[in-house]
Amino acid sequence: MTLALEIQQLRKTYKNKQGREQVALKGIDLTVEQGDFFALLGPNGAGKSTTIGILCSLVNKTSGQVKVFGVDIDKDFAKAKSYLGVVPQEFNFSQFEKVFDIVMTQAGYYGIPPQLARERTEKYLRRLGLWEQRTKQARMLSGGMKRRMMIARALVHEPKLLVLDEPTAGVDIELRRSMWDYLAELNRQGITIILTTHYLEEAEQLCRRVAIIDHGEIIRNSTTRSLVAQLDKETLILELVHPLKQSPTLEACTVELTDEHTLQISVSRDHTMNKLFQQLTEQGLEVKSIKQKSNRLEELFISLVQQNLVKEEKVT
Amino acid sequence: MKNNVNLIALQTLVTKEIRRFMRIWVQTLIPPAITMILYFVIFGHLVGRRIGIMGGVDYMQYIVPGLIMMSVITNAYSNVVSSFYSGKFQHNIEELLVAPISSWVIITGYVLGGVTRGLLVGAIVTILSLFFTQLHIEHFGITFMILLLTSILFSLGGFINAVYANSFDDISIVPTFVLTPLTYLGGVFYSMDLLPSIWQKISLLNPIVYMINGFRYGILGVSDVRPEIALLVVFLFAMGLLGWAWYLLSKGIGLRS
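Residues numbered from 1 in each chain as written. Chains lettered and ligands numbered in written order. Predicted model: local features only at pLDDT ≥ 70, side-chain atom pairs only at ≥ 80, totals over all residues. Heavy atoms only, no water.

1. With respect to the packing of aromatic side chains
Consideration 1: Applying the stated criterion across every chain yields a total of 16 aromatic pairs over all chains.
Consideration 2: Ring geometry for Tyr110(B) versus Phe159(B): centroids 6.2 Å apart, planes at 55 degrees, classification tilted. Separated by 49 residues along the polypeptide, Tyr110(B) in helix H6 (residues 103-129) and Phe159(B) in helix H7 (residues 140-164) bring together distant segments of the chain.
Consideration 3: Judged by relative accessible area, Phe159(B) falls into the buried class, the value being 0%.
Consideration 4: One aromatic cluster is present, formed by Tyr39(B), Phe43(B), Tyr184(B) and Phe189(B) through successive ring pairs.
Consideration 5: Its guanidinium or amino end placed over the ring of Phe69(A), Lys160(A) lies 4.4 Å from that ring's centre, counting from NZ or CZ.
Consideration 6: Lying across the ring of Tyr62(B), Arg216(B) places its NZ or CZ 3.7 Å from the centre. (Phe/Tyr/Trp six-rings, centres within 6.5 Å; stacked < 30°, edge-to-face > 60°. Helix = DSSP H or I, 4+ residues; strand = E, 2+ residues; numbered from the N terminus. Buried < 20%, exposed > 50% of the residue type's maximum accessible area, 1.4 Å probe, protein only. Lys NZ or Arg CZ within 6 Å of the ring centre and 35° of its normal.)

2. Details of the interface of chain B and chain A
Consideration 1: Each partner contributes to the interface: chain B provides 24 residues, whereas chain A provides 29 residues.
Consideration 2: For the chain B and chain A pair, buried surface summed over both sides reaches about 2,400 Å², with 52% attributable to carbon and sulfur atoms.
Consideration 3: The salt bridge partner of Arg19(B) is Asp101(A), with a shortest N-O separation of 3.8 Å.
Consideration 4: Between the two partners, chain B and chain A, sit twelve residue pairs in polar contact (both at pLDDT 80 or more).
Consideration 5: Only helix H1 (2-23) and helix H5 (94-97) of chain B provide two or more residues apiece to the side of chain B that touches chain A.
Consideration 6: No other element matches the nine residues that H1(B) contributes to the side of chain B that touches chain A.
Consideration 7: Here the residues of the side of chain B that touches chain A are counted per class, giving eleven nonpolar, five polar and eight charged. (Contact = heavy atoms within 4.5 Å. Buried area = accessible area lost by both parts, 1.4 Å probe. Salt bridge = Lys/Arg side-chain N within 4 Å of Asp/Glu carboxyl O. Polar contact = N/O pair within 3.5 Å; in protein donor to acceptor, adjacent residues only side chain to side chain. Nonpolar A, V, L, I, M, F, W, Y, C, P; charged D, E, K, R; others polar.)

3. Comments concerning the domain arrangement of chain A
Consideration 1: Each assigned domain of chain A is listed here: domain 1 (3-229) and domain 2 (233-296).
Consideration 2: Relative to domain 2 of chain A, the C-alpha centre of domain 1 of chain A lies at a distance of 41 Å. (Domains from an automatic or database assignment.)

4. Side note on the confidence of the model for chain B
Consideration 1: A residue-level look at chain B finds 99% of positions with pLDDT of 70 or above and a mean pLDDT of 91.
Consideration 2: Confidence, read as mean pLDDT per element, is least for strand S1 (residues 53-54) of chain B in chain B (84) and greatest for H6(B) (95). (pLDDT = per-residue confidence, 0-100.)

5. Quick look at the nonpolar core
Consideration 1: Membership of the largest hydrophobic core comes to 163 residues, with the highest contact counts inside it found for Val68(A), Leu162(A) and Phe159(B).
Consideration 2: The biggest single contributor to this core is helix H4 (residues 59-89) of chain B, with 17 residues.
Consideration 3: Among the nonpolar cores identified, the runner-up in size contains 13 residues, and Leu250(A), Ile265(A), Val267(A) and Leu280(A) belong to it. (Core = buried A, V, L, I, M, F, W, Y, C linked by side-chain atoms within 4.5 Å.)

6. Quick notes on helix H3 (residues 30-51) of chain B
All names here are of chain B.
Consideration 1: With 22 residues, H3 should reach 32 Å at 1.5 Å per residue; the first-to-last C-alpha distance of 29 Å fits that figure.
Consideration 2: Taken residue by residue, H3 has Pro32, Ala33, Met36, Tyr39, Phe40, Gly44 and Gly48 as its buried positions.
Consideration 3: Packing partners of the buried residues in H3 comprise helix H2 (25-28), H4, H6 and helix H8 (170-184).
Consideration 4: Positive phi appears at Gly52, one or two residues downstream of H3, with a value of about 85 degrees. (Expected span 1.5 Å × (residues − 1).)

7. Some remarks on empty space enclosed by the protein
All names here are of chain A.
Consideration 1: Counted according to the given criterion, the structure contains one cavity of 30 Å³ or more.
Consideration 2: Approximately 40 Å³ is the volume attributed to the largest cavity.
Consideration 3: For the largest cavity, the full set of lining residues is Leu5, Ile7, Leu30, Phe38, Leu40, Thr51, Ile52, Leu55 and Ile194.
Consideration 4: Put simply, the parts of the chain that give the lining of the largest cavity at least two residues each are strand S1 (3-15), strand S3 (37-41) and helix H1 (48-55). (1 Å grid on protein atoms, 1.4 Å probe; cavity = no way out; pocket = protein on both sides within 12 Å on 5 of 7 lines; lining within 4 Å. Points joined across faces, edges and corners; volume = space filled by probe spheres on them.)

8. What about the state of the cysteines?
Such a bond, covalent and formed between the sulfur atoms of two cysteines, is termed a disulfide.
Consideration 1: Counting across every chain of the model gives zero disulfides over all chains.
Consideration 2: Of the cysteine sulfurs around Cys56(A), a residue in no disulfide, the closest is that of Cys207(A), at 18 Å. (Disulfide = S-S within 2.5 Å.)

9. Some thoughts on the sheet that holds strand S14 (residues 287-292) of chain A
Residue and element names in this part refer to chain A.
Consideration 1: If you walk across this open sheet you meet the four strands as S12-S13-S11-S14, and the pairing is antiparallel. Of all the strands in the sheet, the pair left with one neighbour each is strand S12 (253-259) and S14. Taking each pair of neighbouring strands and ignoring which way they run, the sheet shows an average axis angle of 25 degrees.
Consideration 2: Where S12 lies against strand S13 (residues 262-268), six bridges are found, and the strand directions are antiparallel. When the bridges of S13 are listed, Val255 appears paired with Ile265. (Pairing = 2+ DSSP bridges. Axes fitted to C-alpha atoms, helices over the stretch in contact; angles between N-to-C directions.)

10. Comments concerning the confidence of the model for chain A
Consideration 1: When the pLDDT values of chain A are averaged, the result is 87; 94% of them are 70 or greater.
Consideration 2: For chain A, helix H10 (residues 296-315) of chain A is the element with the lowest average pLDDT, namely 65, and helix H3 (residues 99-109) of chain A is the one with the highest, namely 96.

11. Observations concerning the pattern of salt bridges
Consideration 1: Considering all chains together, one arrives at eleven salt bridges over all chains under this definition.
Consideration 2: The salt bridge involving Glu97(A) is made with Arg19(B); its shortest N-O contact spans 3.0 Å. Note that Glu97(A) is positioned in the loop between strand S6 (84-87) and H3 and Arg19(B) in helix H1, a pairing that runs across two chains.
Consideration 3: Classification of Glu97(A) by relative accessible area gives buried; the value is 7%.

12. A look at the sheet that holds strand S4 (residues 63-68) of chain A
Residue and element names in this part refer to chain A.
Consideration 1: The antiparallel open sheet is built from four strands, whose spatial order is S2-S1-S4-S5. A strand with exactly one partner marks an edge of an open sheet, and here the two such strands are strand S2 (21-33) and strand S5 (71-72).
Consideration 2: Here S4 pairs with S5 via two bridges, running antiparallel. Counted as the bridge partner of Val68 is Val71 from S5.

13. Structural notes on the pairing of S4(A)
All names here are of chain A.
Consideration 1: Judged from the five bridges that link them, S1 and S4 form a sheet pairing that is antiparallel. Considered in S4, the bridge of Arg11 is made with Ser63.
Consideration 2: Where S4 folds back on S5, the antiparallel hairpin that results is connected by two residues, among which Phe69 adopts a positive phi of roughly 45 degrees.

14. Here we look at the pairing of strand S8 (residues 192-196) of chain A
Residue and element names in this part refer to chain A.
Consideration 1: Counting buried residues along S8, five of its five residues qualify, which places the element largely inside the surrounding structure.
Consideration 2: For S3 and S8, the ladder comprises four bridges, and the chain directions are parallel. Within S8, the position partnered with Ala39 by the bridge is Leu195.
Consideration 3: Alignment of strand S7 (residues 161-165) against S8, held across five bridges, turns out to be parallel.

Now the structure itself:
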């Protein structure tokens, strides 16, 4: 089966104003299978947006090869671009144009005849809940609506590969959930999706595969499930009924008393909850509520990025 | 298939460009009309009565072709420079860059937008001039060719300026320091015969001299330069700028990092 995306030895070097070179991508290799839901994670400045920029021709690569559905961007960029739909991180539409016109115009740029473009524009604006806003100037929309409009604009030519750069940044929780549902629906319909995100929960919920990029290198590329399975610890936050003056000692756990009513406990995966609660009961601690400190992927992400940082420091 | 995509994309871009300047018609179509009425009244009517004949025709008639050309130049240029630069500023130029279309579609689309506005304003100014003087076109072919090539040339100029521009100040530098002086020194208001011979020779280095005189020849049959030379100069300048614009866009200079 043809791969949706095949990146080989992709390098990008920027020159700053002083003429000094800054390496943004150090020759990355990445493949995304057709129908996949793929997350590209990484801290700010890791190279995520540069990679996406090269894919959609907003950034010129220094070297390497990129193929979209088997089409090399150096040989037939127009064809490769026709397979791609892009939702960028920043708003990139004319603020003074009407919502309908923005989506309709984008369809025209992809060579879709006017009648079909009108039908598709209506279809996607309705699906994304923007049909009532169609005659408004884009600047009049809320942040969430602007983001949804960019998704409608990216879908109007019905791409095979949808690339979203931080799609839910600045979107409220309810809307984020509905966008997740929609992206999952698109993926079920057969569209390959690549997203970059800061919300690691988003990657864990939606994506089958995750690549972590840091300092212009892919430091991990595996299924989300196997990545999460590597976690050997879970951090729980316990709210206590009675105040504590001193942190208790619990077997196979790291315990921190964050305030007199709150305990933060790191538990290893082979330590069952029953054992933990047995110990708490033995020490006379009554627990009012319990919650997970953060999502599991986030912990792994931080640890991987920190390991990479230590490695970088050793090299330099 | 590919040509069909490019053709639809071109129609879309031209429609968008025309919609843009029509939406803000108070800023794009009315000001040149007001400016030109002032020129007709002050220079043509009040001052012109005292000047009498210039280049063998009434002074009012003499300045009308230059003023029409001046408004075509200014509007073709400013349409492309402001539209393309605001596309860069708001990043909506990316809508075009991610699309599967050739560089020539982008250049042609913006140029046709600039040409349309230039010609539309030119037509408005021509209609207004009929309230002040009588015009009949002596050589229709040359008039049309010069008008078309000049508006293409300055649309390309606006495009190149916008590609290099990094701020709104950068898009006013060329019109203020290059375009306006060259237009005023291009013989809109005077015949080159009035200049000392050294300045007549220096004036021949100004491309706008050829546009205004070529156009004046087309309308009045009066010119300081030979019309075929005027056409050739304008054509060569337009081709030069076309090559420059295509090079910038295909290399992504000022657009892609």
